[in-house]
Amino acid sequence: MPEVKPALLNNLNRHLGLVGPSAIRAFDIEVSSIPDIIKLTLGEPDFNVPDHIKKAAIQSIETNDSHYAASNGTSKLRESAAGFLADRYDVHYDAESEVVVTIGATEAIYDTLTTILNPGDKIILPTPIFPLYIAVGLVDGAQPIFVDTSTNDFVLSPEMLKAAIAEHGDDIKAVVLNFPSNPTGVTYNEEQIKAIADVLRGTNIIVISDEIYSELSYENTHVSMAKYLPEQTILLNGVSKSHAMTGYRIGILAGPAQLVQKIAMIHQFATTTASNPAMAAAAEALGTEDGRQDTLNMKVEYMQRRDYVYEKMTELGFKVAKPDGAFYIFAKIPAGYSQDDFVFARDLAQKNGLALIPGSSFGPGGEGYVRLSYAASIEKLQQAMQRLSTYMKENAK
Ligand SMILES: Cc1ncc(COP(=O)(O)O)c(C=O)c1O
């Protein structure tokens, strides 16, 4: 086993010192060794990939579709994705020049931030937020400007955005919006999207609009930021959450051609292209009637689970902004229990075998909260609520 020369470690990208491995994954690993633990930790759909989608991947393998595809993705998938975005959200992209297929939305986030940010640039991150944005921003040498939305039911208001812009001015390169949101499940309606677009229109700020959970919007119809601010928006989507295809690793990135082609360069440098069987499967998911129906079926089940968990946690004294999308509940730990979310989550996992993610993993405003992922069977959720109820009864101060 080679031992690294210590001096080499001091010569790495200096921004790496500002970040650590994903707190969510680290907590998940930490609690995984607890016997009989129920983990509602990861954003991982429990559904199987529908058969017609699997068949498309199998067919790709069986027909020796085994050579490098175009770097931006197969034209079939790009056309399916452009058609999907147009039909579902009324946003229009040229499949040839304005759409790129990435290795999950994760790679799209990395490529986009790395294209936009220079060291010292500022990026507005409404928090609580999917922590990858914080980590990649820091690795790129940027300065995250956190706007804590916990005081406004986890919605970035136009006023909050204006205040951040007024304070930081031209140093701001980008703002990230993620809706429906991980970790809160809260989303934005058409009025709210229009109002944010109005604030940004007069600026040179790029919106990274992460709409990976768009298909899992419940009472409200999802409205894309790209509908109101297409010239400044990089739209991120994919099949990980909509079609329970996290392991296939396919993301979609769309935006104005000249900007997208710059991002596509980073994509090319990092990955060359995504894998052919996964792209064939994603084209089936996004480009067919059956594929579009799959999401609707899953959504009905997610809504039932959300209603169940929301009701139970509210009964147990947690304060929850009712989620209108994704598959997360972000719940305030009631008074009378440790308000340190890591202490609370660890104690719950160790004493009663239920793992939730501590809210402070998602940045300012998440302290004192826990995130529960209800992408699990209703039986598992019922068992989880039983364990939570026992914990709350036995551990009140
Ligand atoms: C908001 C958000 N964006 C992006 C991703 C990454 O998605 P993918 O699995 O397609 O890389 C996730 C995954 O949890 C997410 O919650």
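Everything numeric in this text was worked out from a predicted model, so none of it was measured.

Asker: For this particular structure, what's the right way to read the side chain of Asn-276?
Answerer: Relative to the helices and strands, Asn-276 is located in helix H11 (residues 276–287). Residue class for Asn-276 comes out buried when judged on its relative accessible area of 8%. At 2.7 Å, the side chain of Asn-276 and the backbone oxygen of His-67 are in polar contact. The residues contacting Asn-276, other than those within four sequence positions of it, are Ser-60, Asp-65, Ser-66, His-67 and Ala-69.

Asker: Is there a simple way to explain the pairing of strand E10 (residues 328–332) in this structure?
Answerer: The side chains of a regular strand alternate between both faces of the sheet. Counting buried positions along E10 gives four out of five residues, so the element sits mostly inside the fold. Bridge count for strand E9 (residues 319–320) against E10 is two bridges, and the pairing is antiparallel. The residue bridging Lys-319 from the neighbouring strand is Lys-332, located in E10. With five bridges connecting them, E10 and strand E13 (residues 369–373) associate as antiparallel partners. When the sheet's bridge partners are listed, Tyr-328 is paired in E13 with Ser-373.

Asker: Can you help me understand helix H10 (residues 257–271) in this one?
Answerer: Given 3.6 residues per helical turn, the α-helix brings residues three or four places apart onto the same face. For H10, which comprises 15 residues, the first-to-last C-alpha distance of 20 Å matches the rise-based estimate of 21 Å (1.5 Å per residue) to within 8%. On its buried face, H10 sits against strand E2 (99–102), helix H5 (104–116), strand E7 (233–238) and strand E8 (251–254). Two residues or fewer after H10 comes Thr-272, characterised by a positive phi angle close to 65 degrees.

Asker: I tried to follow the site of the ligand on my own but got confused; where do I start?
Answerer: Inspection of the region around the ligand gives 13 residues, with Thr-106, Asp-210, Tyr-213, Ser-240 and Lys-241 positioned closest. Note that an oxygen atom of the ligand is positioned 2.8 Å from one of the backbone N or O atoms of Ala-105. The separation between an oxygen atom of the ligand and a polar side-chain atom of Lys-241 is 2.7 Å. Against a free-state accessible area of 390 Å², the protein chains account for coverage of 92% of the ligand. Ranked by residues supplied to the shell around the ligand, first place goes to H5 with four residues. A class-by-class count of the residues in the shell around the ligand yields five nonpolar, five polar and three charged.

Asker: Where do I start with the packing of helix H13 (residues 341–352) against helix H14 (residues 378–395) in this structure?
Answerer: Axes are the key here: two packed helices are described by the angle between their axes and the distance separating the axes. H14 packs onto H13 with a crossing angle of 105 degrees between their chain directions and a minimal axis gap of 10 Å. Judged by the angle between their axes, H13 and H14 are roughly perpendicular. Of the residues in H14, those touching H13 at Phe-344, Asp-347, Leu-348, Lys-351 and Asn-352 are Arg-387, Leu-388, Thr-390, Tyr-391, Met-392, Glu-394 and Asn-395. In terms of residue class, the contact of H13 with H14 is built from five nonpolar, three polar and four charged.

Asker: Mind showing me how you'd approach the sheet that holds E10 here?
Answerer: Hydrogen bonds between backbone groups are what pair the strands of a sheet, and the pairing can be parallel or antiparallel. Strand order across the open sheet formed by four strands is E9-E10-E13-E12, with antiparallel pairing between neighbours. Edge positions in the sheet fall to E9 and strand E12 (357–358), since each has one partner strand and no second.

Asker: What should I look at first to understand the pairing of strand E5 (residues 172–178) in this one?
Answerer: Across the seven residues of E5, six count as buried, placing the element largely inside the fold. Relative to E5, strand E3 (residues 122–127) runs parallel, the two sharing three bridges. Bridge pairing in E5 links Ile-123 to Ala-174. Bridging between E5 and strand E6 (residues 206–210) involves five bridges; their strand directions are parallel.

Asker: How should I be thinking about the domain arrangement of the protein in this particular structure?
Answerer: A common measure of how large an interface is: the accessible area buried when the components associate. What the domain assignment lists for the protein is domain 1 (6–48 + 292–392) and domain 2 (51–290). The C-alpha-based centres of domain 1 and domain 2 are spaced at 23 Å. Carbon and sulfur atoms make up 58% of the area that domain 1 and domain 2 hide from each other, which totals about 3500 Å². Here domain 1 is connected to domain 2 by two salt bridges. Between Asp-87 and Arg-292 there is a salt bridge; the shortest N-O distance is 2.8 Å. One can count 26 residue pairs in polar contact (both at pLDDT 80 or more) joining domain 1 with domain 2. Among the elements of the structure, helix H12 (289–315), E10 and E13 are those that each provide at least two residues to the side of domain 1 that touches domain 2. Here the side of domain 1 that touches domain 2 gets ten residues from one element, more than from any other, and that element is H12.

Analysis parameters
- Residues numbered from 1 in each chain as written.
- Predicted model: local features only at pLDDT ≥ 70, side-chain atom pairs only at ≥ 80, totals over all residues.
- Heavy atoms only, no water.
- Helix = DSSP H or I, 4+ residues; strand = E, 2+ residues; numbered from the N terminus.
- Buried < 20%, exposed > 50% of the residue type's maximum accessible area, 1.4 Å probe, protein only.
- Polar contact = N/O pair within 3.5 Å; in protein donor to acceptor, adjacent residues only side chain to side chain.
- Contact = heavy atoms within 4.5 Å.
- Pairing = 2+ DSSP bridges.
- Expected span 1.5 Å × (residues − 1).
- Near = heavy atom within 4 Å.
- Areas by Shrake-Rupley, 256 points an atom, 1.4 Å probe, with all protein chains shown as cover.
- Nonpolar A, V, L, I, M, F, W, Y, C, P; charged D, E, K, R; others polar.
- Axes fitted to C-alpha atoms, helices over the stretch in contact; angles between N-to-C directions.
- Parallel < 35°, antiparallel > 145°, perpendicular 65-115°, else oblique.
- Domains from an automatic or database assignment.
- Buried area = accessible area lost by both parts, 1.4 Å probe.
- Salt bridge = Lys/Arg side-chain N within 4 Å of Asp/Glu carboxyl O.

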